[in-house]
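As a plain string of letters, each chain reads:
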Amino acid sequence: MTAPRPGSASRQPTIADVARAAGVSRTTVSHALNGLGKVDPRTRERVKQVAQELGYRPNLRAQRLRRGEARAIALLSSMPLAVAGGPSRLGFYMEVAAAAAEHALAHGFALVLLPPGESGAGLRTVDVDGAIVVEPREDDPVVAELRERGLPWVALGRPVPDATEAPYVDLNGEAVTELLLDHLAEQGARRPALITAPGTRSSAVDARTAYARAATRHGWPPVTAVAEESGGEEAGYEACATLLRAHPDLDALCVMVDAFAVGAVRALHDSGRAVPDDVLVATRYDGLRARTCVPPLTAVDLHLEQAAAQALDLLLGQLPGTPTDRPLPPTLPSPRLIPRPSSTRPH
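Residues numbered from 1 in each chain as written. Predicted model: local features only at pLDDT ≥ 70, side-chain atom pairs only at ≥ 80, totals over all residues. Heavy atoms only, no water.

Draft legend 1. Layout of the pattern of salt bridges. For the structure shown, the criterion picks out 18 salt bridges. With a closest N to O distance of 3.6 Å, Arg191 and Asp249 form a salt bridge. Highlighted residues: Arg191 in the loop between helix H8 (173-186) and strand E6 (192-196) and Asp249 in the loop between helix H10 (232-246) and strand E8 (252-255), separated in sequence by 58 residues. Its salt-bridge partner being Glu229, residue Arg201 comes within 2.8 Å of it at the nearest N-O pair. Separated by 28 residues along the polypeptide, Arg201 in the loop between E6 and helix H9 (202-218) and Glu229 in the loop between strand E7 (224-226) and H10 bring together distant segments of the chain. For the pair shown, Arg201 and Glu229 are each scored as buried. Each of Asp140, Arg201 and Glu229 takes part in one network of salt bridges that share partners. (Salt bridge = Lys/Arg side-chain N within 4 Å of Asp/Glu carboxyl O. Helix = DSSP H or I, 4+ residues; strand = E, 2+ residues; numbered from the N terminus. Buried < 20%, exposed > 50% of the residue type's maximum accessible area, 1.4 Å probe, protein only.)

Structure (structure tokens):
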């Protein structure tokens, strides 16, 4: 039986095949292809040419083991799936994941997507070099797990209460809320209410701050409610129904979680109120829920693709062996309002 020749279709060529064809040792091949050791430049070029002709591909797993690195980055969040993804699994979290995965691959890293949830236990089962945490809350269990493992991390969304805890990309929560509230005021809202998640994610903290400021500026009676993240759309429904019983004259809702907004629209419909004729509705994130709601929801372009790419650049700057002079990512473009029928009245 004839042995397969190096580079034949029956098997992948090995480093030994390259060494044999180039007339050098396997150590020389390794050094030549990885830029290591003192290898004569002419030998280095000959080895590279032979490797290319044979179709040799280095064993990435072996390289990573030698270097003590996984070349993988985790994306994770303590947000429940009910708000991070929802029934379609195509929410805020998945949009971030898609952009981060593409950007990571361009830099030679894989993205490990961990299901969002209120525990960092999933980190214990994967080998990663660092992590991007989406909208961490105060005393976040995901962050606690990262600290315990000694892994570098960055935040997508400002860490609360200490913004110096880790590098972060600011999602401009106050500016987003002001954009939505100013739009509702322009559409004639005089008694708008705010629905947020409870707790200390920067998006909720910033929304409450911006709403209080807008209520003072416009002379609105401040009306707020919270809905539990784990409840998703049903929590939004209940929060809206409770508001309507206590404040039957409210004429607009600024709902900062899209899952809550969809539930709120259903509660308005069940109460006999029409959207937008009786109550205007707007939400923060321009995702699948906002676009497919009936009526479609006014929302904001948060520039998540750019935000995810910037977060990855920040993280790469934290990893050992990466250049220390990596430029900090620029700030995101200003949030952009996307008006839709849920909050647009003819003047």
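Draft legend 2. Layout of the nonpolar core. Of all hydrophobic cores here, the largest spans 95 residues; its most connected members are Ile195 and Leu253. Contact partners of Leu253, with chain neighbours within four places excluded, come to Leu184, Ala193, Ile195, Cys240, Leu243, Ala264, Leu268, Val279, Leu280, Val281 and Ala282. Among the nonpolar cores identified, the runner-up in size contains 12 residues, and Val29, Ala32, Val50 and Tyr56 belong to it. (Core = buried A, V, L, I, M, F, W, Y, C linked by side-chain atoms within 4.5 Å. Contact = heavy atoms within 4.5 Å.)

Draft legend 3. Region of interest: the sheet that holds strand E1 (residues 72-76). Strand order in this open sheet of five strands is E2-E1-E3-E4-E5, and the pairing throughout is parallel. Either end of the sheet is taken by a strand with one partner, and the two such strands are strand E2 (110-113) and strand E5 (168-169). Relative to E2, E1 runs parallel, the two sharing four bridges. Across the sheet, Ile73 pairs through a bridge with Leu111, a residue of E2. (Pairing = 2+ DSSP bridges.)

Draft legend 4. Local environment of unusual backbone geometry. Here the amide bond leading from Val160 into Pro161 is cis, since omega sits at 5 degrees, within 30 degrees of zero. With respect to the helices and strands, Pro161 occurs in the loop between strand E4 (153-156) and E5. Here the residue pair Val275 and Pro276 is connected by a cis peptide bond, since its omega of 10 degrees sits within 30 degrees of zero. Tracing the chain through its elements places Pro276 in the loop between helix H11 (258-270) and strand E9 (280-285). Unusually for a residue other than glycine, Glu135 sits at a positive phi of about 45 degrees. Structurally, Glu135 can be placed in the loop between strand E3 (130-134) and helix H7 (141-149). The backbone of His303 shows a phi angle near 60 degrees, a positive value even though the residue is not glycine. If you trace the backbone, His303 turns up in the loop between strand E10 (298-301) and helix H13 (304-316).

Draft legend 5. Representation of H10. End to end, H10 covers 22 Å across 15 residues, agreeing with the expected 21 Å (1.5 Å per residue, within 8%). Taken together, the buried positions of H10 are occupied by Gly232, Ala235, Gly236, Tyr237, Ala239, Cys240, Ala241, Leu243 and Leu244. At its buried positions, H10 is contacted by helix H5 (81-84), E6, E7, E8 and H11. (Expected span 1.5 Å × (residues − 1).)

Draft legend 6. Spatial organisation of the packing of aromatic side chains. Evaluation of the coordinates by the stated rule reveals one aromatic pair. Note on Phe92 and Tyr285: the rings are 5.3 Å apart at their centroids and 80 degrees apart in plane angle, and the pair reads as edge-to-face. Residue Phe92 is located in helix H6 (residues 92-106), and its partner Tyr285 is located in strand E9; the two are separated by 193 residues in the primary sequence. When its relative accessible area of 5% is taken as the criterion, Tyr285 is described as buried. Sitting over the ring of Phe109, Arg71 keeps its end group 4.0 Å from the ring centre. (Phe/Tyr/Trp six-rings, centres within 6.5 Å; stacked < 30°, edge-to-face > 60°. Lys NZ or Arg CZ within 6 Å of the ring centre and 35° of its normal.)

Draft legend 7. Quick look at H11. Over its 13 residues, H11 extends 19 Å from the first C-alpha to the last, a length consistent with the 18 Å expected when each residue adds 1.5 Å. Of all 13 residues making up H11, 10 are buried, and the element is well covered by its neighbours. Buried residues of H11: Asp258, Ala259, Phe260, Ala261, Val262, Gly263, Ala264, Val265, Ala267 and Leu268, and no others. Residues of H11 that are buried sit in contact with H5, E6, H10, E8, E9 and helix H12 (288-292).

Draft legend 8. Region of the structure containing the packing of helix H1 (residues 15-22) against helix H2 (residues 26-34). At their nearest, the axes of H1 and H2 sit 8 Å apart, and the two run at 100 degrees to each other. As far as their axial angle goes, H2 and H1 are roughly perpendicular. Contacts between H1 and H2 pair Ile15, Ala16, Val18 and Ala19 from the former with Arg26, Val29 and Ser30 from the latter. Broken down by class, the residue content of the contact of H1 with H2 amounts to five nonpolar, one polar and one charged. (Axes fitted to C-alpha atoms, helices over the stretch in contact; angles between N-to-C directions. Parallel < 35°, antiparallel > 145°, perpendicular 65-115°, else oblique. Nonpolar A, V, L, I, M, F, W, Y, C, P; charged D, E, K, R; others polar.)

Draft legend 9. Representation of the pairing of E1. Most of E1 sits inside the fold, with five of its five residues counted as buried. The sheet contact formed by E1 and E3 spans four bridges and is parallel. Bridged to Leu76 within E3 is Val133.

Draft legend 10. Just the environment of Val142, in detail. For Val142, the location among the structural elements is in helix H7. The spacing of Val142 and Ser77 is 65 residues in sequence and 6.7 Å in space, taken between C-alpha atoms.

Draft legend 11. Region of interest: the environment of Arg289. The topology assignment puts Arg289 in helix H12. The buried category is assigned to Arg289, whose relative accessible area is 11%. Between the C-alpha atom of Arg289 and that of Asp258, which follows or precedes it by 31 residues, the distance is 6.4 Å.

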